[in-house]
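Structural description and commentary
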Amino acid sequence: GAVVSQHPSWVICKSGTSVKIECRSLDFQATTMFWYRQFPKQSLMLMATSNEGSKATYEQGVEKDKFLINHASLTLSTLTVTSAHPEDSSFYICSARTTLAGVSYNEQFFGPGTRLTVL
Amino acid sequence: GENVEQHPSTLSVQEGDSAVIKCTYSDSASNYFPWYKQELGKRPQLIIDIRSNVGEKKDQRIAVTLNKTAKHFSLHITETQPEDSAVYFCAASNTGTASKLTFGTGTRLQVTL
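Remember, it's a predicted structure, so these values are computed and weren't measured experimentally.

1. What about the sheet that holds strand β7 (residues 67-73) of chain A?
Residue and element names in this part refer to chain A. Pairing is antiparallel across the open sheet formed by 4 strands, whose spatial order is β1-β3-β8-β7. Looking along the sheet, the strands with just one partner apiece sit at the ends: β1 (4-7) and β7. Pairs of neighbouring strands in the sheet enclose a mean axial angle of 15°, with direction left out of account. When β1 meets strand β3 (residues 19-25), the two strands line up antiparallel, connected through 4 bridges. Each bridged residue has a counterpart across the sheet, and for Val 4 the counterpart in β3 is Ser 25.

Structure below.
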């Protein structure tokens, strides 16, 4: 149980184009989803937190107009990198957390990641 | 906000030896401390976690200790094997709907034959 998928697993795009990454919880309802970015040989940096049906909360320094997050259902969140540039090339990882009986569980279940390369 | 420091950044041990990775955190409200193993190009994999009401937890060759007073926690791997080679991250969070994980900087563990 607790499987999270991401699509695509990798994407190459031209500078100035937009790229959408999907994150799905396959066997549970994800009340909260998180988006991380990981540059080579670095740690995971949280970009934003999204709760189903509400606007995402972005971390300091993350441009909300550039990284559009939508969490329209309890099983799907999307991250759109708008007008991508080479410096946006990174490994993007989502995670999902569930709530049962009003209790928000700490454990996050991670997707396999999406490697974005912007030429 | 929370700040998590992790040491060492790299660690090389011989097969069969023990490995210890240490983390410190800054927010006394943090009460959940997971450890993740990440292989190159793959997702972080939860290997063990501990909550603040427990001082130590063990799962076969892996153990984690927590010192709330000093705000530090450690990962102990005994009888290391080549397949333990990976990058390990510690993290900390508090509870509640607004909680989020803050990750350490990672430790690259190399287990040599």
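The rest of the description comes next.
2. Quick notes on the environment of A:Cys94
Residues and elements named next belong to chain A. Mapped onto the elements of the fold, Cys 94 is located in strand β9 (residues 90-97). Distance from Cys 94 to Lys 41, taken between C-alpha atoms, is 18 Å for residues 53 residues apart in sequence. Filtering out sequence-adjacent residues up to four positions away, Cys 94 remains in contact with Val 4, Ser 5, Gln 6, Cys 23, Phe 34, Trp 35, Phe 109, Phe 110 and Gly 111.

3. Points about the packing of aromatic side chains
Following the criterion strictly, the structure yields 12 aromatic pairs over all chains and no others. Measuring from centroid to centroid gives 5.7 Å for A:Tyr36 and B:Phe103, while their planes differ by 90°, and the two rings are edge-to-face. Residue A:Tyr36 is found in strand β4 (residues 32-38), and its partner B:Phe103 is found in strand β10 (residues 102-103); the two belong to separate chains. With relative accessibility at 9%, the residue B:Phe103 sits in the buried group. Seen from their ring centres, B:Trp35 and B:Phe73 are 5.6 Å apart, and the 65° between their planes marks the pair as edge-to-face. Note that B:Trp35 is positioned in strand β4 (residues 32-38) and B:Phe73 in strand β8 (residues 72-77), a separation of 38 residues in sequence. Chaining the aromatic ring pairs together yields one cluster made of A:Tyr36, A:Phe110, B:Tyr36, B:Phe89 and B:Phe103. Residue placement shows A:Lys66 over the ring face of A:Phe67; its charged tip is 5.9 Å from the ring centre.

4. Brief notes about the interface of chain A and chain B
With 21 residues of chain A in contact, the opposing surface of chain B contributes 22 residues. Of the roughly 1,700 Å² buried where chain A meets chain B, counting both sides, 50% is carbon and sulfur surface. Here chain A is connected to chain B by 1 salt bridge. The salt bridge involving A:Glu59 is made with B:Lys100; its shortest N-O contact spans 2.8 Å. Put simply, chain A and chain B have 6 residue pairs in polar contact (both at pLDDT 80 or more) between them. Elements with a contribution of two residues or more to the side of chain A that touches chain B: β4 and β9 of chain A.

5. Some points on the pattern of salt bridges
Residue and element names in this part refer to chain B. Summed over the entire model, instances satisfying the criterion amount to 6 salt bridges over all chains. Note that Lys 57 is salt-bridged to Asp 49, the shortest N-O span being 2.9 Å. Here Asp 49 falls in the buried class, since its relative accessible area comes to 12%.

6. Side note on the pairing of β7(A)
All names here are of chain A. The pairing of β7 with strand β8 (residues 76-81) spans 5 bridges and is antiparallel. Each bridged residue has a counterpart across the sheet, and for Phe 67 the counterpart in β8 is Val 81. Counting the residues in the hairpin turn of β7 and β8 gives 2 residues.

Parameters and conventions
Residues numbered from 1 in each chain as written. Chains lettered and ligands numbered in written order. Predicted model: local features only at pLDDT ≥ 70, side-chain atom pairs only at ≥ 80, totals over all residues. Heavy atoms only, no water. Pairing = 2+ DSSP bridges. Helix = DSSP H or I, 4+ residues; strand = E, 2+ residues; numbered from the N terminus. Axes fitted to C-alpha atoms, helices over the stretch in contact; angles between N-to-C directions. Contact = heavy atoms within 4.5 Å. Phe/Tyr/Trp six-rings, centres within 6.5 Å; stacked < 30°, edge-to-face > 60°. Buried < 20%, exposed > 50% of the residue type's maximum accessible area, 1.4 Å probe, protein only. Lys NZ or Arg CZ within 6 Å of the ring centre and 35° of its normal. Buried area = accessible area lost by both parts, 1.4 Å probe. Salt bridge = Lys/Arg side-chain N within 4 Å of Asp/Glu carboxyl O. Polar contact = N/O pair within 3.5 Å; in protein donor to acceptor, adjacent residues only side chain to side chain.

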